[in-house]
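Breakdown of the fold
Here is what each chain is made of, one letter per residue.
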Amino acid sequence: MVPNEPNMQVLPFSFYDNLMTYYVGTSKCFQDVEANNRKVKLYGADHTFQETRWKKLRVGDLVKVHKDEFFPADLFLLSSSYEDGVCYVETTNLDGETNLKVKHSLEATSSLQDENSLQKFKAVIKCEDPNENLYTFVGTLFYDGKTHPLSLQQLLLRDSKLRNTEYIYGLVVFTGHDTKVMQNATDPPSKRTKIERKMDKIVYVLFSSLVLISFIGSIFFAIETKKDIANGKYRRWYLRPDNTTVYYDSKRPFLAGLLHFLTALMLYGYLIPISLYVSIEIVKVLQSIFINQDQDMYYEETDKPAHARTSNLNEELGQVDTILSDKTGTLTCNSMEFVKCSIAGVAYGRGMTEVERALAAKRGEPPSGDLENSGDVVAPGKLIKGFNFNDERVMNGKWVNEPNSDVIQKFFRVLAICHTAIPDVNNESGEISYEAESPDEAAFVIAARELGFEFFKRTQTSISLHELDFESGKKVDRVYELLHVLEFSSSRKRMSVIVRNAENQLLLLCKGADSVMFERLSKDGRHFEAETKDHINNYAEAGLRTLVVTYRDLNTEEYKIWEEEFSRAKTSLSEERDVLLDATTDKIERDLILLGATAVEDKLQKGVPQCIDKLAQAGIKIWVLTGDKMETAINIGYACSLLRQGMKQIVVTLDSPDIVALEKQGDKDAMAKAGHESVTKQLTEGKSQLNSAKGSSDEFGLIIDGKSLEFALSKNLEKSFLELAMDCASVICCRSSPKQKARVTGMVKLGTGKTTLAIGDGANDVGMLQEADIGVGISGVEGMQAVMASDFAIAQFRFLERLLLVHGHWCYRRIAMMICYFFYKNIAFGFTLFWYEAYASFSGQAAYNDWYMSFYNVFFTSLPVIALGVFDQDVSARLCLKYPLLYQEGVQNILFSWPRILGWMLNGVITSMIIFYITSKSIIHQSFRNDGKVVDFEILGATMYTCVVWAVNCQMALSINYFTWIQHFFIWGSIVFWYIFLVIYGSLSPTVSTTAYKVFVEACAPSFLYWLATLLVVVSSLLPYFSYRAFQTRFRPMYHDLIQIRRRSEIAETETYNELPSRMREKMHHLKQRLRRRRGS
């Protein structure tokens, strides 16, 4: 029943499969073994530290970790080499952030500094269950009869590294798979390309074809078998129908036909391209290597090349319809510079931002007034990173002469104290640099230092400043007792510290977003509110990021009551702990006194406007999802060419007076109803604007704020919003939360059914990157969380242009061509078996030797396909960038459409017919050998197989646009290898080589008819495709055909022009200049 040896089909593919499985398995195993066998010092029963392996640690063990060592488990920090129990930690392996984090032990355990003190240490820790949240930890320490709340400040996470600290003592809280880093080690969401999903459907079509032709063959076989004995006469007497097996039993034709059906399924199994999946994996890995090694996407400043973190989505890069981008750190540098500020209602800071220059250029206005300077506006001298501020009224200590010098002093004092930055003093130069959790925070501390408030020392309980006293005009050292730090979060949008100064005053210093700060001001603390709001709006229009700076005095009784409540909230182990903490901090962060506002500039990355413009020319829609104010986002949009001159704006916002009034009343139901009606009305009006502009060349840009976006994403408005947005050239979503970013991305992906790409650089972009079809992470200064969640990583936004328009286009084209060709060559080969079966009365006899069939997809046709998938180029990288519209071939899926796929399949069927019928008709019944013998089964099979190998490889040569020596070697080498194989295999004993025994050396090679038939068949099989391509290129050319034709004509014109005499070229040059002048006039 089996037409060939079973292991013939299984052996080649099992080899590849086992090899890949072994590679993946061993690489993961080696990583696990290496980590588990790292060594750490463990406090033993003999009260000394002995080395042990990570894998032997247990909960409750005491360990000692030295400088530059990784933490072996999640540890509770007992003490460190610093007296106050502070240590510095690098978390690059967790979140990719290179800036150091400060951790500090509890005061109760910071005195445990040696082995003797540890001997007496006995305590109980109650904490949360193991979970994946890296940024929270809830626990309580019971020690010496007291209860101490634990937070993330006392937790040292596995795989983070100890820096700038000689050693720490730690208590193991979680080990192994219970650690937070291991809890986070989940597989990323599975993403499959549209081509892969379509390829599955094609395989279903081929399998259906396989079943159909097997069924047809079985019916004919059953009919023929039934006729073998009719009226006692034997029709095919040579089959001995009177003495045969069940497979040819004319008395049971139905059973014989059923068994033949199973035989045919195995025989025609070559129609299903199993090896295609292996070949595609190889090709995609090699494509990824080329992406990684592209020097044009290497960013020298940070030494970061492009990195394809997965090879599954290469071709999807060539089909992107919509890009959804973050702004800060993605379009901008996320390298914040303090440029302006508003203090006591007075604006300080000279200079012009990039956005202001772009807007001035848009309006055709020259820079004027104090804005005529550009670039770095800091006073002459050494350039300071993070500080680009210049104003003679406050620089060099002159602020003491200002009318509101006391307010200025408090303003910069808040900037110098209200932060979590760490000072790093250079012992040789004495200069101080800062490790901060965000670029904004570093910029504020640097600005305070440059204006007379130098932060130089931090302990667990104090912050020390060199201050410029406005009364004496001299520098003085002041120490502030640090009581509490109320940290920043995306929900709170503010940060506070509570300190006690040298005069024993309790102060709460607070800075945060204007959306939450103004409502927290006291009645007496609003003296400069109107002026500050105006300045904030002006700064937003200039593309600057703003924060409001405030403070308040605390009385002792109020503070004590609040501290008790805060302590209870911190020690709570309930699920509502975070809610309790937020409610408690909210109580103290009230009745604030306004000091002013800061404005920092985040400059656009190099090449962003040009990149966006080129992507727009390629027909790609671009959305920006940002947390910035609407004014900032709009002006950044103009600066980066997202919003272009002449583009009409559709603005959807809930900042109307009616909505604001309802918001102040606090009626949530009325607010929700009014907001829904307002957004519905604005979306309808926007759609009307688009409909009225149909047929014109007008472009529209949609801008929507966060509150409106929440309504627009509701079920009954989502469709209207998407329809409006997709008809706009650009979309900007302002004040977007991370959750809204992910929801918008999902809406676009599901609503359009087209490929979406999300690009971002921060942890708040992770949801968006994982939701999109393709996630691209920017390896910037916000850490590597976005990169670790992404599919591709680049260092600068401008590299996206090359990633999509060059690599994306090439990968899409190569994979599409490769799959179509693979189906072609398998159908061409498989159907020759079918035609031979029909010729042989569907007897189940294979036309070829077993090893011929097994090696077809492994040695004789596989390498040229891989070379096509790796090296082929329809046009060069320069032309891909010069003609961005070429990218639409992928967006419209021209190269992998059903007509094109079916066309290649039809070409395979035609090729198989030409090979079988011309070969059989031209050599059967002819005198084939020199001795006059005719063709037998072995010779016909070898000749047909030779024609198949030649035809499919020459078809590959016709399809390739860009030849390298590798393609030549693989194509012609595959053909040569067939002859070498035939000679070597045919020289083996007949029991091994069977039908191939000396068939080439003794029968085929000496025969002129063999070579003539091969030439005739190959030329005939190539004619259909050659004729089609000639017609298509001439009358219905594709995008790349037009570019190739134009390129050839340009080269021909250049060559002709260069061949002319120099005097003639000079005359032609002058003639062209005259024609241009005439056209201009």
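Structure: above.
The paragraphs below set out a description of the structure included in this document.

1. Thoughts on the overall build of the protein
When helices and strands are counted, the protein shows 36 helices and 34 strands. In the protein, which comprises 1081 residues, the proportion classed as buried is 53%. Restricting to contacts in the protein with at least 6 residues of sequence separation, those with at least 24 account for 72%. Total accessible area on the protein stands at roughly 50000 Å², and carbon and sulfur atoms take up 54% of it.

2. Comments concerning the nonpolar core
Burial of nonpolar side chains together is a common tendency in soluble globular proteins. Within the largest apolar cluster, 92 residues are counted, with the highest numbers of intra-cluster contacts made by Tyr268, Ile819, Tyr848, Tyr852, Phe896, Tyr945 and Trp978. The element contributing the most residues to this core is helix α24 (residues 799-839), with 19 residues. Beyond its immediate chain neighbours, meaning those up to four positions away, Tyr848 contacts Phe829, Thr832, Leu833, Met853, Gly941, Met944, Tyr945 and Val948. With 71 residues, the next largest nonpolar core counts Phe412, Ile432, Ala448 and Phe518 among its residues.

3. Focus: a positive patch on the surface
A grouping of Lys39, Arg53, Lys55 and Lys56 is seen on the molecular surface, where their side chains present a positively charged patch. The exposure class assigned to Arg53 is partly exposed, which follows from its relative accessible area of 31%.

4. Concerning a nonpolar patch on the surface
Together, Phe859, Val976, Phe977, Ile980, Val983, Ile984 and Val1001 give the surface a local cluster of nonpolar side chains, amounting to about 570 Å² of exposed area. Top element by residues in the nonpolar patch is helix α31 (residues 965-986). It accounts for five residues. Relative to the helices and strands, Phe859 resides in helix α25 (residues 850-860). Phe859 sits in the partly exposed class, given a relative accessible area of 36%.

5. Some details on the sheet that holds strand β33 (residues 774-778)
The strand order across the open sheet built from nine strands is β15-β34-β33-β32-β16-β28-β31-β30-β29, with neighbouring strands paired in mixed fashion. The open sheet has two edge strands, β15 (307-308) and β29 (648-652), and neither has a second partner. In the sheet, strand β28 (residues 621-625) pairs with strand β31 (residues 730-733) via four bridges, with the strands oriented parallel. Looking at the pairing, Trp623 lines up with Val731 of β31. Seen against the sheet, helix α21 (residues 738-752) touches β16 (320-325), β28 and β32 (755-760) and runs at an angle of roughly 160 degrees to β28.

6. Some words on the packing of aromatic side chains
Applying the stated criterion across every chain, the model contains 56 aromatic pairs. Taking 5.1 Å as the distance between ring centres and 55 degrees as the angle between the ring planes, the aromatic pair formed by Tyr43 and Phe49 counts as tilted. Taken as a pair, Tyr43 and Phe49 share a single burial class, namely buried. With centroids separated by 5.8 Å and ring planes inclined at 50 degrees, the aromatic side chains of Phe969 and Phe970 adopt a geometry described as tilted. Phe969 sits in the exposed class, given a relative accessible area of 54%. In this arrangement the basic side chain of Lys64 is found over the ring face of Tyr167, its NZ or CZ atom lying 4.7 Å from the centre.

7. Notes on the pairing of β31
Every second residue of β31 is oriented toward a common face, with Ser730 and Ile732 on one face and Val731 and Cys733 on the other, all of them buried. Alignment of strand β30 (residues 700-704) against β31, held across four bridges, turns out to be parallel. Following the sheet pairing, Gly701 is matched in β31 by Ser730.

8. As for the sheet that holds strand β17 (residues 337-343)
Spatial strand order, β18-β17-β27-β26-β25-β24-β23-β22-β21: nine strands in an open sheet with antiparallel pairing. With partners counted over all chains shown, the strands left at the sheet margins are β18 (346-348) and β21 (453-458), one partner each. On average, adjacent strands in this sheet sit at an angle of 30 degrees to one another, irrespective of strand direction. Where strand β26 (residues 544-554) lies against strand β27 (residues 593-601), eight bridges are found, and the strand directions are antiparallel. Bridge pairing in β27 links Arg545 to Val600. Contacts between helix α13 (residues 556-571) and the sheet are confined to β23 (475-486), β24 (494-500), β25 (506-512) and β26, with β23 contributing the most and set at about 45 degrees to the helix.

9. Some details on the side chain of Ser464
The residue Ser464 is located in strand β22 (residues 462-468) in this model. The residues touching Ser464, leaving out its near neighbours within four places in the chain, are Glu454, Phe455, Phe456, Lys457, Arg478 and Val479.

10. Some details on the environment of Ala599
Summarising the element assignment, Ala599 is placed in strand β27. Residue classification places Ala599 among the buried positions, given a relative accessible area of 0%. Sequence-wise, Ala599 and Ser342 are 257 residues apart; in three dimensions their C-alpha atoms are separated by 8.1 Å. When residues no more than four places from it in sequence are discounted, the contact partners of Ala599 are Glu337, Phe338, Val339, Lys340, Tyr539, Leu544, Arg545 and Thr546.

11. Concerning helix α18 (residues 668-692)
The first and last C-alpha atoms of α18 sit 36 Å apart over 25 residues, in line with the 36 Å expected at 1.5 Å per residue. For α18, the set of buried residues is Met671, Ala674, Gly675, Ser678, Val679, Gln682, Leu683, Gly686 and Leu690.

12. Let's talk about the environment of His148
With respect to the helices, strands and loops of the structure, His148 is situated in strand β9 (residues 146-150). With 40 residues separating them along the chain, His148 and Ala108 place their C-alpha atoms 8.4 Å apart. Discounting residues that sit within four places of it in the chain, His148 has contacts with Leu106, Ala108, Gly139, Thr140, Leu141, Tyr143 and Thr571.

13. With respect to the packing of α18 against helix α20 (residues 715-726)
The geometry of α18 relative to α20 is characterised by a closest axis approach of 10 Å and an angle of 30 degrees between their N-to-C directions. With respect to their mutual orientation, α18 and α20 come out roughly parallel. Here the hand of the crossing between α18 and α20 comes out left-handed. Taking contact as the criterion, the partners of His676, Val679, Thr680, Leu683, Gly686, Lys687 and Leu690 in α18 are, on α20, Asn716, Leu717, Phe721, Glu723 and Leu724. Residues of the contact of α18 with α20, tallied by class, amount to six nonpolar, four polar and two charged.

14. Observations concerning the packing of helix α5 (residues 194-226) against α24
At a minimum axis separation of 12 Å, α5 and α24 run at an interaxial angle of 5 degrees. Between α5 and α24, the interaxial angle falls into the category roughly parallel. From α5, Ile195, Met199, Ile202, Leu206 and Ile213 reach across to α24, where they touch Tyr812, Ile815, Ile819, Phe823, Ile827, Phe831 and Phe834. Within the contact of α5 with α24, the residues separate by chemical class into 12 nonpolar, no polar and no charged.

15. So, the pairing of strand β20 (residues 432-435)
Here β20 shows a buried face lined by Ile432 and Tyr434 and an unburied face lined by Ser433 and Glu435. With four bridges joining them, strand β19 (residues 422-425) and β20 adopt antiparallel strand pairing. What sits directly across from Asp424, in β20, is Ser433. Hairpin remark: β19 followed by β20, antiparallel, with six residues in the connecting loop; positive phi at Gly430, about 80 degrees.

Basis of the calculations
- Residues numbered from 1 in each chain as written.
- Predicted model: local features only at pLDDT ≥ 70, side-chain atom pairs only at ≥ 80, totals over all residues.
- Heavy atoms only, no water.
- Helix = DSSP H or I, 4+ residues; strand = E, 2+ residues; numbered from the N terminus.
- Buried < 20%, exposed > 50% of the residue type's maximum accessible area, 1.4 Å probe, protein only.
- Contact = heavy atoms within 4.5 Å.
- Areas by Shrake-Rupley, 256 points an atom, 1.4 Å probe, with all protein chains shown as cover.
- Core = buried A, V, L, I, M, F, W, Y, C linked by side-chain atoms within 4.5 Å.
- Patch = residues over 30% accessible without salt bridge, like charges linked within 9 Å, V, L, I, M, F, W, Y side chains within 5 Å.
- Salt bridge = Lys/Arg side-chain N within 4 Å of Asp/Glu carboxyl O.
- Lys, Arg positive; Asp, Glu negative; His and termini not counted.
- Charge placed at Lys NZ, Arg CZ, Asp CG, Glu CD.
- Pairing = 2+ DSSP bridges.
- Axes fitted to C-alpha atoms, helices over the stretch in contact; angles between N-to-C directions.
- Phe/Tyr/Trp six-rings, centres within 6.5 Å; stacked < 30°, edge-to-face > 60°.
- Lys NZ or Arg CZ within 6 Å of the ring centre and 35° of its normal.
- Expected span 1.5 Å × (residues − 1).
- Parallel < 35°, antiparallel > 145°, perpendicular 65-115°, else oblique.
- Left-handed = near helix turned anticlockwise from the far one by under 90°.
- Nonpolar A, V, L, I, M, F, W, Y, C, P; charged D, E, K, R; others polar.

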